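Residue-level structural notes
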Amino acid sequence: TQSTWGLVLIMWWAFKLQAVGLVIIFVIFQLFESRKAMRGADRRPMSKVSEIGLRVVFLAFLLGPGCWLVDSELLPFPMLLPLLVAYGFTYCDLSELTGGRKPNGREWGLWKLVHWYFSLNLVKTVDLDPSKLYVFGIHPHSILPLGAIVCIGTKMHKLWALDYRVIAATFVFYVPFYRDICLAGGIADASRPSAHRILNAGKSIALCPGGATEALYCDPERDVVYLRKRRGFVKLALEHGAALVPVFSFNECNTFSQFAAGHWVLDALKSKFQRLTGLSLPLIKNIIPRAARITVVIGEPIAVPLIAEPTDAQIDDYLERYIVSLERLYNENGPKYNEPPTKPPLTVV
């Protein structure tokens, strides 16, 4: 019928708009690649106008065509596009760059579901002084560090009266609605200016130093952390005199399995995606994470002096101390929490 063909035509135009929009998004982010606009800790500061402009373009082309299609054909009057415009104001508020929002969502039922699914358990080895600053290093990143981030983000404040934020890759905050869930859970942007702002406000931070690169080492049979070239978080701790605290999430890598390195074209695309977004694209065998029993163990803090401009030698010294402490934490707790308990010693690359 004529109405059916009209709907097909509308859908076809919506599809083309969506495709064109994704190309435009890619081109714009390509132009901003030199500034590492979505690379978290590596990104360079941009003007507020540029930050908001990128988000407006991303949101408009990602959701705009679909909202227009539904408003045109399925609803009696436009509803989704006005809602999208209204949501745009909170989407573009840049709160992730200013220390995040107040973590009012740490008690949400969503997190309790994650705790149940992964049988999450948070273990402390020592008591921490809530009046001091800390930089918590979470290992391993795995494909998605769901267990560790949720456990630290929603349970650590119950152990000590710490005011802290978990920091994550910038691209996380470009994903509509998911960004709001993260912000409600006390997660902020991992860019260096953002981390400095949080620490200057007297709040501690928790981060995954291995990042997207470490995700490529995810293997249920052994634990590998990518750490020897990760000096930025140590420098950050020295600049603020914040104690370094190693954290290991046992069985985090049991949640996913991935295929070996693929064709050179796929590897090139994965590399390009990581340069643009700071996220890797491992070829995983299971889309839904396995319900592994995850135990997150918080280690002993390493006292760090306050050094406004630390030298490379000082950074390397404390990085080595951190690695030794992390290996000791793994060796002492691996036999109790690893599944299987026969996993080989921790590999640090």
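Everything below is about the structure shown above.
Along each chain, residue indices are assigned from 1 in the same order as the chain's sequence is written. Given that this is a predicted model, residues contribute local features only at a pLDDT of at least 70 and side-chain atom pairs are listed and counted only at 80 or more, while totals for whole chains, interfaces and linings are drawn from all residues. Note that water and hydrogens are dropped before the side-chain values are worked out from all heavy atoms of the structure.

1. Overview of the packing of helix α9 (residues 232–240) against helix α11 (residues 312–337)
Running from N to C, α9 and α11 cross one another at 110°; their axes reach a closest spacing of 9 Å. If you check the angle between α9 and α11, you find them roughly perpendicular. Facing Phe233, Val234, Lys235 and Leu238 of α9, the residues of α11 in contact are Gln314, Ile315, Tyr318, Leu319 and Tyr322. Each residue receives one of three labels: charged for Asp, Glu, Lys and Arg, nonpolar for Ala, Val, Leu, Ile, Met, Phe, Trp, Tyr, Cys and Pro, and polar for the others, Gly being one of them. In terms of residue class, the contact of α9 with α11 is made up of 7 nonpolar, 1 polar and 1 charged. Inter-axis angles, ranging from 0 to 180 degrees, are taken between N-to-C directions of lines fitted to C-alpha atoms, where helices are fitted over the stretch in contact. A run of DSSP states H or I qualifies as a helix once it reaches four residues; a run of E qualifies as a strand once it reaches two. Both are numbered from the N-terminal end. Our angle categories are set so that under 35 degrees counts as roughly parallel, over 145 as roughly antiparallel, 65 to 115 as roughly perpendicular, and the remainder as oblique. Only heavy atoms matter for contacts: two residues are in contact if any of them lie within 4.5 Å across the pair.

2. Considerations on the packing of helix α7 (residues 192–200) against α9
Packing of α7 against α9 leaves a shortest axis separation of 11 Å and a crossing angle of 35°. For the element pair α7 and α9, the recorded crossing hand is right-handed. Residue-level contacts link Arg192, Ala195, His196, Leu199 and Asn200 of α7 to Gly232, Leu236, Glu239 and His240 of α9. Looking at the contact of α7 with α9 residue by residue, the class counts come to 3 nonpolar, 4 polar and 2 charged. Two helices that cross are described as forming a left-handed crossing if the nearer one is turned anticlockwise from the farther one by less than a right angle, and a right-handed crossing if clockwise.

3. Here's the deal with the pairing of strand β3 (residues 164–168)
Buried means the residue's accessible area, taken with a 1.4 Å probe over protein chains only, is under 20% of the maximum for its type, while exposed means over 50%, and partly exposed covers the values in between. Within β3, 5 of the 5 residues are buried, which leaves it mostly tucked inside the rest of the structure. Here β3 shows a buried face lined by Tyr164, Val166 and Ala168 and a second buried face lined by Arg165 and Ile167. Bridge count for β3 against strand β5 (residues 204–207) is 3 bridges, and the pairing is parallel. In the strand pairing of β5, Val166 is matched with Ala206. Any two strands are treated as partners once DSSP identifies two or more bridges connecting them.

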